[in-house]
Amino acid sequence: MKPKKCKICGDKYQPTRPLQVVCGYDCAIKLSSRQKEKKEKKELKQIKDSLLTKADYIKMLQQVFNAFIRERDKDLPCISCGTTANIKYDAGHFYPTTYSFLRFHEDNVHKQCSKSCNMEKHGNISEYRPRLIERIGLAKVQWLDENRHKRLDLSIPELQEFIKIYKLMLKQLRNNSKNTCKKT
């Protein structure tokens, strides 16, 4: 048998058995405890995941969705007042999250200055609408108007899938942003 590299200490050793992955007893004990810890962590994660409610998953999706919207619109001005100041921004909903069908609809959510427009002016909808029409077009805004009362009831597996999708899309946006910065 060829010499191998120990999975624990990294030293080269001559194996005495075909499936041997460590150099000796000390490393075998360490490997065993690492595998046990890994298994316990996996079991703990499964238990935690089983205790999550639908509301927990909706909250998780809302967080990743909002982060995606802020990243998508980071180079755009506030949808309501047009500011580009260096301030905190939210993912502002044209129709609020109580309209379940539009809660996670990308045409309904845009970067909005946090304090002034989103908080103090409760979305600043009178200024939001005309700029929304400029940004996505009248037909899409009318579609939002017509479909705002529809209900959307996502199951936990669907919520989990959307969380994965938006995490991936957010990661891609951030990677594209980094690549663009490197080129300039």
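These figures come from a predicted structure and were not determined experimentally.

Novice: Explain the overall build of the protein to me, please; I cannot follow it from the model alone.
Specialist: On a plain count of helices and strands, the protein comes out with 6 helices and 4 strands. Reading the protein from its N terminus to its C terminus gives the helix and strand order β-β-α-α-β-β-α-α-α-α. Its C-alpha atoms give the protein a radius of gyration of 25 Å, clearly above 16 Å, the size a compact globule of 184 residues would have. The principal-axis extents of the C-alpha atoms in the protein amount to approximately 75 × 45 × 30 Å. For the protein, the residues scored as buried account for 30% of the 184 residues in total. Working note: accessible area of the protein is about 12,700 Å², and carbon and sulfur atoms make up 55% of it. Placing the 39 positive and 21 negative side-chain charges of the protein at their respective mean positions leaves the two points 8 Å apart.

Novice: Where do I start with the packing of aromatic side chains in this structure?
Specialist: Aromatic ring pairs are described here by two measures, namely the spacing of the ring centres and the angle between the planes. A full pass over the atoms with the stated rule returns 7 aromatic pairs. Following the ring pairs from residue to residue traces out a cluster consisting of F65, F68, F104 and Y166.

Novice: Which parts of the structure should I look at to understand the layout of surface pockets?
Specialist: Leftover empty space is mapped by rolling, across the atoms, a probe with the size of a water molecule. Its boundaries defined by the atoms lining it, the largest pocket holds a volume of some 160 Å³. Considered class by class, the residues forming the lining of the largest pocket number 7 nonpolar, 2 polar and 1 charged.

Novice: How should I be thinking about the confidence of the model for the protein in this particular structure?
Specialist: The predicted coordinates should not be examined in detail at positions where pLDDT is low. Here the protein shows a mean pLDDT of 93. Residues at 70 or above account for 97%. Helix α6 (residues 156-183) is the least confidently modelled element of the protein, averaging 89 in pLDDT, while helix α5 (residues 138-147) averages 97, the highest of any element.

Novice: Just checking my understanding: could you explain helix α4 (residues 125-136) for this structure?
Specialist: Along an α-helix, a turn takes 3.6 residues, which lines up residues three or four apart on a common side. In this model α4 runs 15 Å from its N-terminal to its C-terminal C-alpha over 12 residues, within 8% of the 16 Å that 1.5 Å per residue would give. Residues of α4 that are buried make contact with β3 (89-93), β4 (109-113) and α5. At the C-terminal side of α4, G137 shows a positive phi close to 100 degrees.

Novice: What exactly am I supposed to notice about the environment of L152 here?
Specialist: Here L152 is to be found in the loop between α5 and α6. By relative accessible area, L152 is classed as partly exposed at 32%. It is 4.7 Å that separates the C-alpha atoms of L152 and F101, two residues lying 51 residues apart in sequence. Residues within four places of L152 in sequence aside, it is in contact with S100 and F101.

Novice: Would you mind going over the nonpolar core with me for this structure?
Specialist: A general trend in soluble globular proteins is that nonpolar side chains are found buried together. Grouped together as the largest cluster of nonpolar side chains are 15 residues, with contacts concentrated most on L61, V64, F65, I69, V109, L159 and Y166. The set of elements that each furnish at least two residues to this core consists of α2 (54-72) and α6. Leaving out residues up to four positions away in the same chain, I69 has contacts with A91, E106, V109, H110 and K111. If you look at the next biggest cluster of nonpolar residues, it comprises 9 residues, including Y95, L102, I136 and L144.

Novice: Hey, could you run me through unusual backbone geometry in this one?
Specialist: For residues other than glycine, phi is negative in most cases, and the peptide bonds are mostly trans. The residue H122 is not glycine, and still its phi comes out positive at about 50 degrees. Locating H122 in the fold gives a position in the loop between α3 (114-120) and α4. Judged by its relative accessible area of 68%, H122 is exposed.

What counts, and at which threshold
Residues numbered from 1 in each chain as written. Predicted model: local features only at pLDDT ≥ 70, side-chain atom pairs only at ≥ 80, totals over all residues. Heavy atoms only, no water. Helix = DSSP H or I, 4+ residues; strand = E, 2+ residues; numbered from the N terminus. Rg over C-alpha atoms; globule rule 2.2 N^0.38 Å. Buried < 20%, exposed > 50% of the residue type's maximum accessible area, 1.4 Å probe, protein only. Areas by Shrake-Rupley, 256 points an atom, 1.4 Å probe, with all protein chains shown as cover. Lys, Arg positive; Asp, Glu negative; His and termini not counted. Charge placed at Lys NZ, Arg CZ, Asp CG, Glu CD. Phe/Tyr/Trp six-rings, centres within 6.5 Å; stacked < 30°, edge-to-face > 60°. 1 Å grid on protein atoms, 1.4 Å probe; cavity = no way out; pocket = protein on both sides within 12 Å on 5 of 7 lines; lining within 4 Å. Points joined across faces, edges and corners; volume = space filled by probe spheres on them. Nonpolar A, V, L, I, M, F, W, Y, C, P; charged D, E, K, R; others polar. pLDDT = per-residue confidence, 0-100. Expected span 1.5 Å × (residues − 1). Contact = heavy atoms within 4.5 Å. Core = buried A, V, L, I, M, F, W, Y, C linked by side-chain atoms within 4.5 Å.

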